[in-house]
Structure formats: structure tokens, C-alpha cells
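Examination of the molecular architecture
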Amino acid sequence: MSPRDPISIPLFAETQLQLLLNEHEAEVASSSLATTAASVSPSTRRTLQATGYALTGLVLSQCRTGLGGRVVGEFAADPAIASSESTDGQPRLGSHGIRVGDVVRVNDVAAGAAKKAAKEKGKDGAKDGAKGGPEGVVTKVNDKAVWIAFGQQGGGARSKEDDEAVEELWGKKLWCIKLANDVTYRRMRQTMEKMGKMTESDHSHFMRVAFGHTTPLQPENETDSVEFLDPTLNDSQKDAIKFALASKDIALIHGPPGTGKTHTLIELILQFAQRKKRILVCGPSNISVDNIVERLAPKKLPVVRIGHPARLLPSVLEHSLEVLTQTSDAASIVKDVRKEMDEKQASIRKTKTGRERRAIYDDLKHLRKEFRERESKCVDNLVRESSVVLATLHGAGGHQLKNQRFDVVIIDEASQALEAQCWISLLGADKVVLAGDHLQLPPTVKSTNLKTKDLGKGKETADSKSGNSEGKELLKGFSLERTLFDRLLAMHGDGIKRMLTTQYRMHDKIMRFPSDELYESKLTAADSVKDRLLADLPYEVEGTDDTQEPLVFWDTQGGDFPEKAEDKEIGQKEALLGESKSNEMEALVVAKHVGNLVEAGVRPDSIAVITPYNGQLALLSQMLREKYPGLELGSVDGFQGREKEAVVVSLVRSNEKHEVGFLGEKRRLNVAMTRPKRHLCICGDSETISRGSAFLKHWMDYLEENADLRYPDAGDLL
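Not measured: the values here are computed from a predicted model.

Along the backbone of the chain there are 25 helices and 23 strands. Here the contacts in the chain between residues at least 6 apart in sequence split such that 77% fall between residues at least 24 apart. With an accessible surface of roughly 30800 Å², the chain has 47% of that area assigned to carbon and sulfur atoms.

See below:
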């Protein structure tokens, strides 16, 4: 099937349902440790944290009533075990991968140990242990605490009222584990089911364009003068904005790393608003949406952010539904009920008897019902009066946007979103703008190891769950990694796309290789960034061989720096690290380089260390986290969309067979090499890496020609 051939819409929906089912099953399996979460050992908890699945060392520090009357708990670092403090002297959480929007379960460490013992003795209490503590959704994260809203969104506590389950956590040593997100999966499934049932007459013009049943309409005259509000826009940004304004149905804005994609979208939103258009702005993550809210906030537009804002900065907060339902003109209808609920919540711990406590819980139940009814009216008024509404893609499927119509839907980071996720906001859309970079990593998909031929396996289950009672044939060659951005570009060609070409992040030497190899040599470094080095940072940094070099390559070629697969005897950890690789000697090279940068005066919080392998990440975390608390450690995939002054990349792979595994994915390497502003240090074995692909061979050649080439001595590292 050619990418330009029309696609059957019902068949597409059915295929997506099957792929989503496979993915959900893979996600549930990968977080299967959660079912025995109460009984995992301290070392496995640490591994869970290092690999982004958990956060340990917590205590419950505060409770309040949040949006929808939910109980929101603030979980701070346990001062008894925290390894570092923040600037105001409060204990700091260790580095972790828990993010806003994650569904988590909070577990009591001591109860876990007791239940494990009970299980070993064969007692019935072990059965309850599998349930663990209450479940909720993360609403805010900073270096000192994580906030979790308990209740319907995250499935709620399993056997008790949320208040009681959370109440039991006071004074205990706690940890939380990430669970499969049923809410997002359910919304995507419902959207695909709805799409599958639509008749041809239900299909919008945009849907017919998106599936190749008609071609995009010719844009209106792009040369019409546009009065730009932002004087700092460059020519490629202005061109993209004119194109998106003129487009009748679809416009793609291709924003390579550092080219000011969000900056461009802000101007575009303002231009649409000036033209009295109503706009829905979405992104796959809370961070991508909040980034836009933060930049729109000073522009004095009526803006509403649906869902939980990731960073509660005043400028963002005042536009979130959570605060608007307390501060707007419409808010008075819920204020008194919220106050009464908070007072009752605070009185629980003062009660003497179980009967008093039960009476308060009953009162709270009735108040919560009244609160939700009043809040629903308030929310509806706020959303209807706003010209710009912002939500995550799955948040766009919430009750707040039911029956709301928009003139334009803008999706940021569209190349990181599953296509089914995009359609949650697009089924009724007339005009769509997608912004992203299809040459960076697609969304993370856990079921990629399921080949197309496996789609038929378990067909009976899949058919019954997805409503495919007729056992329809599925589309071949489709995978969840194929995004809507990718598919539209392949279907309609470059005519529907405009690319941003001036980048404001990287030194010219760091930018040059990805520009030549991936972006048709079209990228240029802005004058303000093309020559800047670590030695030029706005605080005192010594001029050394490291701080005056934008590009360093530690080439570990030779037998002293071998990779190793994770030890198969580590039990539960194996499920987390999978076939992950690590390279202890290479990790020592990384540690030495970081030490040299810090010694020269570069602040640890200006540096990131990233690696494609969780096994290496766990190893680097052990070596560096306590020594440099401000240093950011992460996976390459998790660092997409981020930037730092200096980035050190550990490639890990070094073996006699010259196998590179998923380093062969050029989009992953593109992310790794485009994160730094002033300094990129690569640690790896050129002999192994250069045999992986033509792209990797070109990269190694470029580094040998253009980087400060160094060869580490194993004897100096031990």
C-alpha cells in the first residue's frame, strides 16, 4: 500500500483498536511489579526509581481539597533518609522519572515488609498486600515534593473511601510506583470506536483529507500582509505563520531542535485570536501544554487550561481551571462548599471515636457531590467564555470540552503523540495545525516487538474488546510509532509543511552534523549562539581544554571498555532493565569528564548526563547522584525536548560483534546530539559504533574530523 493511497476510515479505526489493545497489555505487563508493589525489596525500589518507575523516601506532609473535590496529598522527601537539601534547607527528593499526569500507587514501606513476611508464612494477610495503597494522579512535581490527587481519575483507593485510605498514610515511610494509565487508553479506545461507527456523511472535510479521500484545499493568498506582533520573529517563522493562517484545512510546522517552534506557535495563536477564531491548543504531555500557557499568560487573552498545570507558577496558575474555579466571578458558587470540605478534612484527626470519624466521612461524601455539581456549572461558564482553551490530548476528551466547538485545533509536539491520541481532539475539527519534528523520536511504544503478523493472535479477545464482532481484516504495515504528522507528510508531500531554519540553542559545531545529515543542511545557528562556549557562561568559569571546546569525543576503542548485559540473577530488576546494557569503564570516563567540568566552575545544574540504556543510567546514578545533587541524569528518550549548557552522552555499546542495537535509530541519536547549548561530550567506542549504519559511520567520521578527540587510559580511571 502506497503512503498516498486512500485509507478506509473504519478499517483504520479497527486496526488502531487492535494496536492499542496490544500496547495496553504490554504496558500493564511492564508495570506488573505494581501488583506485588507492597513486597519489593529496598534495592528493587531503588532500581525502580533509577529506571523511572518509582519514587522512594516519601512522607505525607499535607492534604487539601483539589479539583472535583478530590483529596490531594503533598508527599515530601523523608528528612530521615534524604541525601541532600534544597536552597531553603528542606530535604530534596532524589532524581526520578515521575511526571505530572502519571497514575501512581502510594505504598507503605513497613506494611510491605509485614505482608511479605505474612506471605512467606502462608497467612491470608498476604492477599491484601497485593492491593497496596491508594491510587491517584500526579498533579505537581518539584525537587522537594510530589502532589497526588486521589479519586476517580486514577481509579481511587480500592477498598475504602479515598479520605480514609490517604488518612492511613500519615506518619508512615512511603514510596510510590507508576501504573499503566487506563484513562488515556480508555479515551483513545472510545475515540477509535466512535470513528469506526461514523458514516461517510459524518466525516468532516479534514477527516477526508487526513485519510486521502480528498486533497487539501489551496491556501488563501499567503502574500496578504500580516502585521506581526512579535518583532523578533525570523523569516522562516513568519513564513510558517502566514502559511498556517492561509491554510484551509491542514498545516504542518516542522520545528527542528532549538528553532523556536513554541515561540512561533504563540504568535500564531495571537493572530488567530485577533481574527476572532476560537482555538483549542493540545500537546501529548502536561509540560508541552504548560510551556505554551506560561508564554501566553502575559498576552492578556482569555485563556483556560484544562487539567492540572505542571508547574504552579503564578502566571500559569491564574489560567488553570483549578484556580479559576476559586478566583473568577463564577467561583463564588463553589467557594463555601470547598471551605466546609477543607474544615471537615482538617477535623478528622481531632476526632476521638470511629463513630465521629464515620459521620465526618458521610458528610464529606454529600459535600463532595454538591461540590461537583456546582463546580461543573462554574467550569462550563469559564470554558465557554474563553477564546483559547489548552489541554493535553487525552484531557481534550474530558467532560469539560463536551459540546464545545473550535475554529482551529493546534497540536504541539504532534510527532511525539500517538495518532489515536490526536484524534481525541480532531474528530470535529475543520482546520488543524500540527507542530513537531518527525526526525526526532516518535512516542514511546512498548509493544513494538509485536510484529504485524502477530496482530491476528488473540484476535478473539481483541475483537470482543474492541467491538469487532465481524472479525474484519486489519490494515497491514501500520504501527503506533507512525504518527499523524508522519502520515500526513507522506500522504500529501512537502506542500503542506513549512520548516523553521534558524536555531537558537546550539554552538555551530554541535549543530552542523544533524543539519547536514537530517535537515538537508538547511539549519543555521543564530549569531547569538553559534560561537558561545562554557567559558562564556554568565558566571565565573575557568578557561580549560573542556570549557573552551564545544565538541569532545572520548573514543574508548579497544578491549578495556567492554559493555555487559545486566546480570540475569537480579530477579525482579531484570523485568525493569530488560536486556539493558551497561559499561562500567565508560561510566568512569563520564564521571571524570563531569568532575573536570565542575572543577572548572561549571555548575552541576548546568550539566546533563544522558544514555540510551537504563542499565547504564542506574550505574551512572550510583556514581554521580550523591556527589553532584544538581546534576541531571536521564535516558536519551526522556530528555527529548530538553536542553542544558553541557551534555555528556554515554553510548555504552562496545563489543567484538560490533552490534549497536537500538543506537541504530538515527532519531534517538538526533535527540542525544541536539540537547546541548555550549558543550557536547560523546563517550563511546568508534570501532563498534561506526559499523552500525551509514548514519553512524558518518557521525564517527564527523567527530574524528571536528571534535577534540581523546583516548582514555583505563589505568587512570581505576
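Still more to cover.
With the rule as written, the count across this model stands at 31 salt bridges. With a shortest N-O distance of 3.4 Å, Glu413 and Lys261 are connected by a salt bridge. Within this pair, whereas Glu413 is found in the loop between β11 (408-411) and α15 (419-426), its partner Lys261 is found in helix α9 (residues 261-274), the two being separated by 152 residues in sequence. Given a relative accessible area of 11%, Lys261 falls into the buried group. Salt-bridge contacts for Glu643 lead to Arg505; the nearest nitrogen and oxygen are separated by 2.9 Å.

Within the largest apolar cluster, 59 residues are counted, with the highest numbers of intra-cluster contacts made by Met195, Trp423, Leu426 and Leu434. Here the element with the most residues in this core is helix α1 (residues 9-30); it accounts for 7 residues. Discounting chain neighbours no more than four positions away, the residues touching Leu434 are Ile250, Ala251, Leu252, Ile253, Ile411, Ala414, Leu484, Phe485 and Leu488.

A few words now on unusual backbone geometry. Phi angles above zero are rare outside glycine, and Val652 is one such case at about 75 degrees. Within the fold, Val652 resides in the loop between β21 (644-650) and α22 (666-673). Positioned with a positive phi, His658 is a non-glycine residue whose angle comes to about 55 degrees.

Here the focus is the sheet that holds strand β4 (residues 135-141). Strand order in the closed barrel formed by 6 strands is β1-β2-β5-β4-β3-β6, with antiparallel pairing between adjacent strands. Here the average twist between neighbouring strands, direction ignored, is 50 degrees. Judged from the 6 bridges that link them, strand β3 (residues 103-108) and strand β6 (residues 174-179) form a sheet pairing that is antiparallel. Bridge pairing in β6 links Arg105 to Ile177. With respect to the sheet, helix α2 (residues 42-50) is in contact with β1 (54-65) and β6, its orientation differing from that of β1 by roughly 75 degrees.

To continue, consider α2. Turning to α2, its buried residues are Thr44, Arg45, Thr47, Leu48, Gln49 and Ala50. Phi turns positive one or two residues past the end of α2, at Gly52, with a value near 90 degrees.

Let us look at the sheet that holds strand β12 (residues 432-436). Reading across from one edge, β9-β10-β8-β11-β12-β7-β13 is the order of the 7 strands in this open sheet, with parallel pairing throughout. Edge strands, defined here as strands with exactly one partner in the open sheet, are β9 (303-305) and β13 (497-499). Neighbouring strand axes in the sheet, compared pairwise and without regard to direction, differ in orientation by 15 degrees on average. Pairing of β9 with strand β10 (residues 388-392) involves 3 bridges; the strand directions are parallel. Looking at β10, one finds that Val304 is bridged to Val389. Helix-sheet contacts for helix α10 (residues 286-296) involve β8 (279-283), β9 and β10, and the interaxial angle to β10 is about 155 degrees.

Between helix α6 (residues 182-197) and α15, the least distance of the axes is 9 Å, while the angle of their chain directions is 70 degrees. The pairing of α6 with α15 is recorded here as roughly perpendicular in orientation. As for how α6 packs across α15, the hand of that crossing is left-handed. Counting all contacts with α6, which are made through Thr184, Arg187, Met188, Thr191, Met192 and Met195, the residues of α15 involved are Ala420, Gln421, Trp423 and Ile424. For the contact of α6 with α15, a count of residues per class yields 6 nonpolar, 3 polar and 1 charged.

The next thing to look at is the pairing of strand β19 (residues 607-611). The element β19 is extensively covered by neighbouring structure, given that 5 of its 5 residues are classed as buried. Side-chain alternation along β19 places Ile607, Val609 and Thr611 on one buried face and Ala608 and Ile610 on a second face that is also buried. In the sheet, β19 pairs with β21 via 4 bridges, with the strands oriented parallel. Note on β21: the bridge partner recorded for Ala608 is Val647. Relative to strand β20 (residues 632-635), β19 runs parallel, the two being bridged by 4 bridges. In the sheet register, Ala608 faces β20, and the bridge partner there is Glu632. What joins β19 to β20 is helix α21 (residues 614-624), and the crossover it makes is right-handed.

How two aromatic rings sit relative to each other is set out by the distance from centre to centre and by the angle between their planes. One pass over the full model with this rule turns up 8 aromatic pairs. Between Tyr613 and Phe662 the ring centres are 4.9 Å apart and the planes differ by 45 degrees, which places this aromatic pair in the tilted class. Of this pair, Tyr613 sits in the loop between β19 and α21 while Phe662 sits in the loop between β21 and α22, and the two are 49 residues apart along the sequence. The partly exposed category is assigned to Phe662, whose relative accessible area is 35%.

The next point concerns the confidence of the model for the chain. Taken residue by residue, the chain gives an average pLDDT of 84. The fraction at 70 or more is 84%. Low confidence marks residues 153-160, where pLDDT is under 50. Its contacts with residues over four positions away, or in another chain, come to 19 contacts. Segment residues 450-470 is flagged for pLDDT under 50; beyond a separation of four residues in sequence, or across chains, it makes 25 contacts in the model.

It is worth spelling out the environment of Phe371 at this point. Secondary-structure assignment places Phe371 in helix α14 (residues 354-384). Residue class for Phe371 comes out buried when judged on its relative accessible area of 0%. Between the C-alpha atom of Phe371 and that of Met341, which follows or precedes it by 30 residues, the distance is 9.0 Å.

We now examine the packing of helix α8 (residues 235-246) against α9. Pairs of packed helices are described in terms of their axes, by the angle between the two and the distance that separates them. At a closest axis distance of 10 Å, the pairing of α8 and α9 adopts a crossing angle of 40 degrees. Judged on the interaxial angle alone, α9 and α8 are oblique. Handedness of the crossing formed by α8 with α9: right-handed. Contacts between α8 and α9 involve Gln237, Ala240, Ile241, Ala244 and Leu245 from the first element and His263, Thr264, Glu267, Leu268, Gln271 and Phe272 from the second. Class assignment of the residues belonging to the contact of α8 with α9 gives a composition of 6 nonpolar, 4 polar and 1 charged.

Before going further, it helps to spend a moment on the environment of Lys339. Counting through the fold element by element, Lys339 comes out in helix α13 (residues 332-347). Lys339 sits in the exposed class, given a relative accessible area of 55%. With 274 residues separating them in the primary sequence, Lys339 and Thr65 have C-alpha atoms 9.0 Å apart.

Conventions used here
- Residues numbered from 1 in each chain as written.
- Predicted model: local features only at pLDDT ≥ 70, side-chain atom pairs only at ≥ 80, totals over all residues.
- Heavy atoms only, no water.
- Helix = DSSP H or I, 4+ residues; strand = E, 2+ residues; numbered from the N terminus.
- Contact = heavy atoms within 4.5 Å.
- Areas by Shrake-Rupley, 256 points an atom, 1.4 Å probe, with all protein chains shown as cover.
- Salt bridge = Lys/Arg side-chain N within 4 Å of Asp/Glu carboxyl O.
- Buried < 20%, exposed > 50% of the residue type's maximum accessible area, 1.4 Å probe, protein only.
- Core = buried A, V, L, I, M, F, W, Y, C linked by side-chain atoms within 4.5 Å.
- Pairing = 2+ DSSP bridges.
- Axes fitted to C-alpha atoms, helices over the stretch in contact; angles between N-to-C directions.
- Parallel < 35°, antiparallel > 145°, perpendicular 65-115°, else oblique.
- Left-handed = near helix turned anticlockwise from the far one by under 90°.
- Nonpolar A, V, L, I, M, F, W, Y, C, P; charged D, E, K, R; others polar.
- Right-handed = clockwise from strand over helix to strand, strands pointing away.
- Phe/Tyr/Trp six-rings, centres within 6.5 Å; stacked < 30°, edge-to-face > 60°.
- pLDDT = per-residue confidence, 0-100.

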